[in-house]
Amino acid sequence: MTSPAVHTPALTSRLPNVGTTIFTVMSALAAEHKAVNLGQGFPDFDCDPALVDAVTAAMKAGHNQYPPMTGVPALRQAMAAKMQALYGLRCNPDTEITVTAGATQAILTAILAVVQPGDEVIVLEPCYDSYVPNIELAGGVPVRVPLIPGSFRPDFDRIAAAITPRTRALIINSPHNPSGMVWSAADMQRLQDLLAPTEVLLISDEVYEHMVFDGQAHQSAARFPGLAARAFIVSSFGKTYHVTGWKVGTVVAPAALTAEFRKVHQFNVFTVNTPVQHALASHMANPAPYLELAAFYQHKRDLFREGLAATRFRLLPGEGTYFQCVDISQLAVPERELPEAEFCQWLTKEIGVAAIPLSAFYGNGFDQRVVRFCFAKKDDTLREALQRLARL
Ligand SMILES: Cc1ncc(COP(=O)(O)O)c(C=O)c1O
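This one's a predicted model, so the numbers in the text were calculated from it and none came from an experiment.

A.B. asks: Quick one: what's the story with the sheet that holds strand 7 (residues 231-236), residue by residue and with numbers?
C.D. replies: With mixed pairing, the seven strands of this open sheet are ordered in space as 2-8-7-6-5-3-4. Across the chains shown, the open sheet's two edge strands, defined by having one partner strand only, are strand 2 (97-100) and strand 4 (141-146). Adjacent strand axes in the sheet meet at a mean angle of 20° when their direction is disregarded. Relative to strand 6 (residues 201-205), strand 5 (residues 167-173) runs parallel, the two being bridged by five bridges. Bridge pairing in strand 6 links Ala169 to Leu201. Contacting strand 2, strand 5, strand 6, strand 7 and strand 8 (249-252), helix 4 (residues 102-114) crosses the sheet at an angle of about 165° to strand 7.

Set out below in structure tokens:
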């Protein structure tokens, strides 16, 4: 018997269009069918054991209570030193760097800190799936501008046309998930010129900053004074040190922006777990792990691309990140005609390799016959996947 006094009140969803993400769906399907999971973006290998030892040491040393709201000073100092060494940006670790619970919390917090109801925020599609719901939670209006299909390069004419007096921020992401495309210095210069006469803020999602291949350099917004002066620059230790489950990142932003960011941050998570911050700070003393990351992943990219080149998958450029996109329209199987999402389900169940449809990164489900594989996997995992994909 139910009593009218005992019931769960009805809700009006804050995010009516959000369901279970494709990443969760594909990972579950991959597990169910024992498929090689090249869908969700995370390594299937472990991090440096020294990093785990450093967390244990920090715990044993008693670093188990709340750290400062802004993050452990040693980690903010290490980050400031890195920003200067790599990108020439001098930033004050006390007033311009905040440690966050990964890039996801960093981006949400930046948006909540600066977007007022009705403000427009430009996103460049395809884009990481949290951006648009984050803007909507802040009461902002997402303005979707496509990257050029095929090349995934920025279309500056369309970006310029999308800027209005209501535009509060633009979110960019280079190296880019899902395409693996990397913005050049000329792209960043052009963006700097475009934004110079505006009040538009920049949220620069740089979580794949250390995965840029073929001798190219990562063009951080930090290198461009006109961008750095208006930017929240977002990094993630999860990507850099193969510890995606630790969920620790940083935001670098000018003091005035950081002050507003921290007002939200302190009532959002307040702070981030202490021993991991200490461990990351000591680990950062040696720059080799992040300086060598590009070569580490370039080897995997090359192994994976060489294998795919022998199939009917058509390779799209892969300049950075640990993702490789492929066009499926020339495959020798009739399933190539399926919508991308259904193709990925078929690929997982019947061929035993999970991938993510590019349509998942567009608000309107734009289907361009392209799927994304993650190659942050052991070489043997990649070889196993290639063997299965060779049938197509
Ligand atoms: C483009 C992009 N931004 C942000 C994130 C989130 O990073 P974190 O795990 O540090 O929250 C990811 C993770 O996949 C990503 O691909």
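The discussion continues.
A.B. asks: Account for the domain arrangement of the protein chain, naming residues and giving values.
C.D. replies: How big an interface is tends to be reported as the loss of accessible area on association of its parts. Segmenting the protein chain into domains produces domain 1 (22-41 + 291-389) and domain 2 (49-285). Computed from C-alpha coordinates alone, the two centres of domain 1 and domain 2 are separated by 26 Å. Opposite the 26 residues of domain 1 that make contact, domain 2 presents 30 residues. Regarding the contact of domain 1 and domain 2, the summed buried area is about 2,400 Å², with carbon and sulfur atoms giving 59% of it. When residues of domain 1 are sorted by the area they lose upon contact with domain 2, Glu319, Thr321 and Phe361 head the list and together hold 28% of the total.

A.B. asks: Got a sec to walk through the site of the ligand? Specific residues and values, please.
C.D. replies: Inspection of the region around the ligand gives Gly102, Ala103, Thr104, Tyr128, Asn173, Asn177, Asp205, Val207, Tyr208, Ser236, Lys239 and Lys247 as its neighbouring residues. Here a nitrogen atom of the ligand and a side-chain polar atom of Asp205 are 2.6 Å apart. At 2.6 Å, a side-chain N or O of Lys239 approaches an oxygen atom of the ligand. Coverage of the ligand by the protein chains reaches 93% of its 400 Å² of free accessible surface. Looking at the shell around the ligand, the element that brings in the most residues is helix 4, giving three residues. Classifying every residue of the shell around the ligand gives four nonpolar, five polar and three charged.

A.B. asks: Which residues make up the sheet that holds strand 9 (residues 314-315), and what values do they have?
C.D. replies: Spatially, four strands are ordered 9-10-13-12 in an open sheet, and the strand pairing comes out antiparallel. A single partner strand is all that each edge strand has here, and the edge strands are strand 9 and strand 12 (356-357). Bridge analysis of strand 12 against strand 13 (residues 370-374) gives two bridges, and the strand direction is antiparallel. Across the sheet, the residue bridging to Ile356 is Arg372, located in strand 13. Relative to strand 10 (residues 323-327), helix 13 (residues 293-309) is tilted by about 15°, and along the sheet it contacts strand 9, strand 10 and strand 13.

A.B. asks: Tell me about unusual backbone geometry, and name the residues and values.
C.D. replies: At the junction of Glu125 and Pro126, the peptide bond is cis and its omega measures out at 5° in the coordinates. Tracing the backbone through its elements, the reader meets Pro126 in the loop between strand 3 (120-125) and helix 5 (131-137). Residues Ser174 and Pro175 are joined by a peptide bond in cis, for which omega reads -10°. When you line up the elements, Pro175 lands in the loop between strand 5 and helix 7 (185-195). The backbone of His242 sits at a positive phi, close to 60°, despite the residue not being glycine. Among the secondary structure elements, His242 is positioned in the loop between helix 9 (237-240) and strand 8.

So, how was this worked out
- Each chain has its residues counted from 1, running along the sequence as written.
- Local features are withheld for residues below a pLDDT of 70 in this predicted model, meaning they are given only at 70 or higher, and side-chain atom pairs are given and counted only at 80 or more; totals for whole chains, interfaces and linings count all residues.
- Note that water and hydrogens are dropped before the side-chain values are worked out from all heavy atoms of the structure.
- Paired strands are those between which DSSP finds at least two bridges.
- Strands here mean DSSP runs of E at least two residues long; helices mean DSSP runs of H or I at least four residues long; both are numbered from the N terminus.
- Axis lines are fitted through C-alpha atoms, for helices just across the contact stretch, and the angle between N-to-C directions can take any value from 0 to 180 degrees.
- Working rule for contacts: check all heavy atoms of both residues, and any pair within 4.5 Å makes them a contact.
- Domains are outlined according to an automatic or database domain assignment.
- Buried area: the accessible area, evaluated with a 1.4 Å probe, that two parts lose upon being put together, summed over both parts.
- The rule for a residue being near a molecule or strand is that one of its heavy atoms must lie within 4 Å of it.
- We call two N or O atoms a polar contact when they sit within 3.5 Å, provided that within protein one can donate a hydrogen and the other can accept it, with sequence-adjacent residues counted only if both atoms are side-chain atoms.
- Surface exposure here means Shrake-Rupley accessible area, sampled with a 1.4 Å probe, where a residue is shielded only by the protein chains that are shown.
- Each residue is assigned to one class: nonpolar for Ala, Val, Leu, Ile, Met, Phe, Trp, Tyr, Cys and Pro, charged for Asp, Glu, Lys and Arg, and polar for all the others, Gly among them.

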